[in-house]
Amino acid sequence: MRRALAVLFLLAAPAGAQDFFTLKGHGGPIMDIDVSKTGQIATASFDNAVGLWTGDTPKWLDGHEAAVNTVLFGKDDLVYSASDDFSVRIWNTQTGKVTRLEGHSGKVMDLAEAPDGGTILSASWDGTIGLWHDNDQVFAKGHKGAVNDVEFAPDGQTFFSASADGTIREWDRWSGTEKRILVSHGFGVNRLVVNPVANWLAYGAVDGATRILDLETGEQIADFTLDRRPILALAFDPNGQQLAVGDGEGYIMVIDAAAWKIARDFRATQRGPIWALAFSPDGQNIHAGGIEDILYSWPVATMDAHGQMTNTARSFLEDPKTLGNGERQFKRKCSICHTLTEGSARKAGPSLYQVFGRKAGTVTDYSYSDTLTGSEIIWSAETINALFDEGPDHYIPGTKMPMQRIAKQQDRDDLIAYLRDASN
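Residues numbered from 1 in each chain as written. Predicted model: local features only at pLDDT ≥ 70, side-chain atom pairs only at ≥ 80, totals over all residues. Heavy atoms only, no water.

Time to look at the overall build of the protein chain. From N to C terminus, the protein chain includes four helices and 28 strands. Relative to the globule expectation of 22 Å for 424 residues, the C-alpha radius of gyration of the protein chain, 21 Å, shows essentially globular dimensions. Viewed in the frame of its principal axes, the protein chain has a C-alpha envelope of about 65 × 50 × 45 Å. The burial tally for the protein chain puts 57% of its 424 residues in the buried class. At a minimum sequence separation of 6, the contacts of the protein chain that also span at least 24 residues come to 44%. Taken as a whole, the protein chain presents about 17,300 Å² of accessible surface, with 49% of it coming from carbon and sulfur. (Helix = DSSP H or I, 4+ residues; strand = E, 2+ residues; numbered from the N terminus. Rg over C-alpha atoms; globule rule 2.2 N^0.38 Å. Buried < 20%, exposed > 50% of the residue type's maximum accessible area, 1.4 Å probe, protein only. Contact = heavy atoms within 4.5 Å. Areas by Shrake-Rupley, 256 points an atom, 1.4 Å probe, with all protein chains shown as cover.)

Here it is as structure tokens:
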């Protein structure tokens, strides 16, 4: 994930410095956040879209065919995004031109741009790193697992990658040749941050480790490992020397990188992970995203005074013990992508309002895959049961619906009964 490196004041945010605010409009969880040099905020979401925010008004960049995992402000009015659809998109915000970069065979999880703008890196779960040099492309291979993150070294001539195989590797920018293994960790490494001035690298891992290394010597500078896992987000504010860490248990830890001590440790949400973090350009606010479809921004100095992510209308925040089994199955398997009311509400999937008896691929405010456009499937208890018994990837090959099954017949029956009642 990229860090906001600018020193300009936050001009485009919907509130002034040290104010708490939210940005609402996405139809799914916030997967990534980036901040431009002028303070404009970009969000990547599970709803297949990128939001560019001017104040609290979004401009939507639509076109990805699956969840958008990462977004990056580039040079020359360009915005980069990458997705579960295996592609990288380049959006020219002035001309409206969209360029699609293809070649990966797995989800693309992170992007980085060289300091001179001449190379884009893409980290993919196919185990490779894409190096996009204008019209030339190279795929760096060597990791034995999914690649989760990429960051350029301070000189811009090499870069680092983090992988589920537990290693952090350094590579040549131009050829994609591996130069060294910087870290061989016992657990998968999810996130990287590089401080180009102080020449250190921070990483976050599946086991809850947050460690800082000297890039010249490879020696460990500090360790902030806590009993919370996994680490899912990192962000660095070079102006105030702050490093923010987000984990799977809903905490945001802010580290003073000058004194190497924990300055804040804030539980941002009672349920669900923190997937995305970015500082405002002045370093006074931390923007965060997680299981909700809302971006939250807290003043770092007074985080505790503003409370947690509290949109209790979101199904994920309800105690599953209070729900019937059918509703619990819906909220676990369906509610991220689908509404039960009229209108698809920028969700990653179509509305399920009056779904029984409806022909698949016919909701007018949703863009379907070619597979479902013109499909002969009629949604009924039998077809919904088959969908979750076989899994969408087998029942409807080529669908945009995520791969998932409900193994127990009773759970499928309860879900169908709940849908029959709630969708009407």
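Once that is clear, we can look at empty space enclosed by the protein. Summed over all chains, the structure comprises one cavity of 30 Å³ or more. What the largest cavity holds in volume is close to 60 Å³. Residues that form the lining of the largest cavity fall into these classes: five nonpolar, two polar and two charged. (1 Å grid on protein atoms, 1.4 Å probe; cavity = no way out; pocket = protein on both sides within 12 Å on 5 of 7 lines; lining within 4 Å. Points joined across faces, edges and corners; volume = space filled by probe spheres on them. Nonpolar A, V, L, I, M, F, W, Y, C, P; charged D, E, K, R; others polar.)

Here we take up unusual backbone geometry. Residue arginine 229 is joined to proline 230 through a cis peptide bond whose omega torsion reads -10°. With a phi close to 80°, asparagine 48 is a non-glycine residue in the positive phi region. For alanine 345, which is not a glycine, the phi torsion comes out positive at approximately 55°. Within the secondary structure, alanine 345 is located in the loop between α1 (325-333) and α2 (381-390).

Bringing the pattern of salt bridges into the picture now. Pairing between side chains of opposite charge can happen when their charged atoms approach one another. According to the stated counting rule, one finds 18 salt bridges in the structure shown. Here aspartate 116 ties to arginine 173 by a salt bridge, and the two come within 2.8 Å at their closest N and O atoms. In this pair, aspartate 116 sits in the loop between β10 (108-113) and β11 (120-124) while arginine 173 sits in the loop between β16 (167-172) and β17 (178-184), placing the two residues 57 residues apart along the sequence. Relative accessible area serves as the criterion here: at 1%, arginine 173 is assigned to the buried category. Salt bridges sharing common partners tie together Glu65, Arg100 and Glu102. (Salt bridge = Lys/Arg side-chain N within 4 Å of Asp/Glu carboxyl O.)

The next thing to look at is the confidence of the model for the protein chain. Looking at the protein chain, the pLDDT average stands at 91 and 93% of residues meet or exceed 70. Scored below 50 in pLDDT, residues 1-17 shows 64 contacts in the model against residues more than four places distant or in partner chains. Taken as a whole, residues 312-317 scores under 50 in pLDDT and shows 20 contacts with residues more than four places along the chain or in a different chain. (pLDDT = per-residue confidence, 0-100.)

With that settled, consider the sheet that holds β17. On the basis of which strands lie adjacent, the open sheet formed by four strands has the order β14-β15-β16-β17 and antiparallel pairing. Of all strands in the sheet, those bounded by a partner on one side alone are β14 (147-152) and β17. Mean inter-strand twist for the sheet, computed between neighbouring axes without regard to direction, equals 20°. The pairing of β14 with strand β15 (residues 158-163) spans five bridges and is classified as antiparallel. What sits directly across from valine 147, in β15, is serine 163. (Pairing = 2+ DSSP bridges. Axes fitted to C-alpha atoms, helices over the stretch in contact; angles between N-to-C directions.)

Here the focus is the packing of aromatic side chains. Summed over the entire model, instances satisfying the criterion amount to 13 aromatic pairs. On the numbers, 6.2 Å between centres and 50° between planes, the contact of phenylalanine 20 with tryptophan 298 is tilted. Taken together, the positions of phenylalanine 20 in the segment before β1 (21-24) and tryptophan 298 in strand β28 (residues 294-299) put the pair 278 residues apart, joining distant regions of the chain. By relative accessible area, tryptophan 298 is classed as buried at 0%. Their ring planes at 75° and their centres at 5.0 Å tell us that tryptophan 200 and phenylalanine 236 sit as a pair that is edge-to-face. Linking tryptophan 200 in strand β19 (residues 200-205) with phenylalanine 236 in strand β22 (residues 231-237), this pair joins segments that are 36 residues apart in sequence. The same class applies to tryptophan 200 as to phenylalanine 236, namely buried. Each member of the aromatic cluster is reached from another via a ring pair, and the members are Phe20, Phe266, Tyr296 and Trp298. (Phe/Tyr/Trp six-rings, centres within 6.5 Å; stacked < 30°, edge-to-face > 60°.)

To continue, consider the sheet that holds strand β6 (residues 68-73). Across a sheet, strands are paired by hydrogen bonds formed along the backbone, either parallel or antiparallel in direction. Pairing is antiparallel across the open sheet formed by four strands, whose spatial order is β6-β7-β8-β9. Where the open sheet ends on each side, the last strands, each with one partner, are β6 and β9 (98-101). Within this sheet the neighbouring strands show an average axis-to-axis angle of 20°, counted without direction. Where strand β8 (residues 88-92) and β9 come together, four bridges link them in antiparallel fashion. Bridging from a neighbouring strand, tryptophan 91 pairs with valine 98 of β9.

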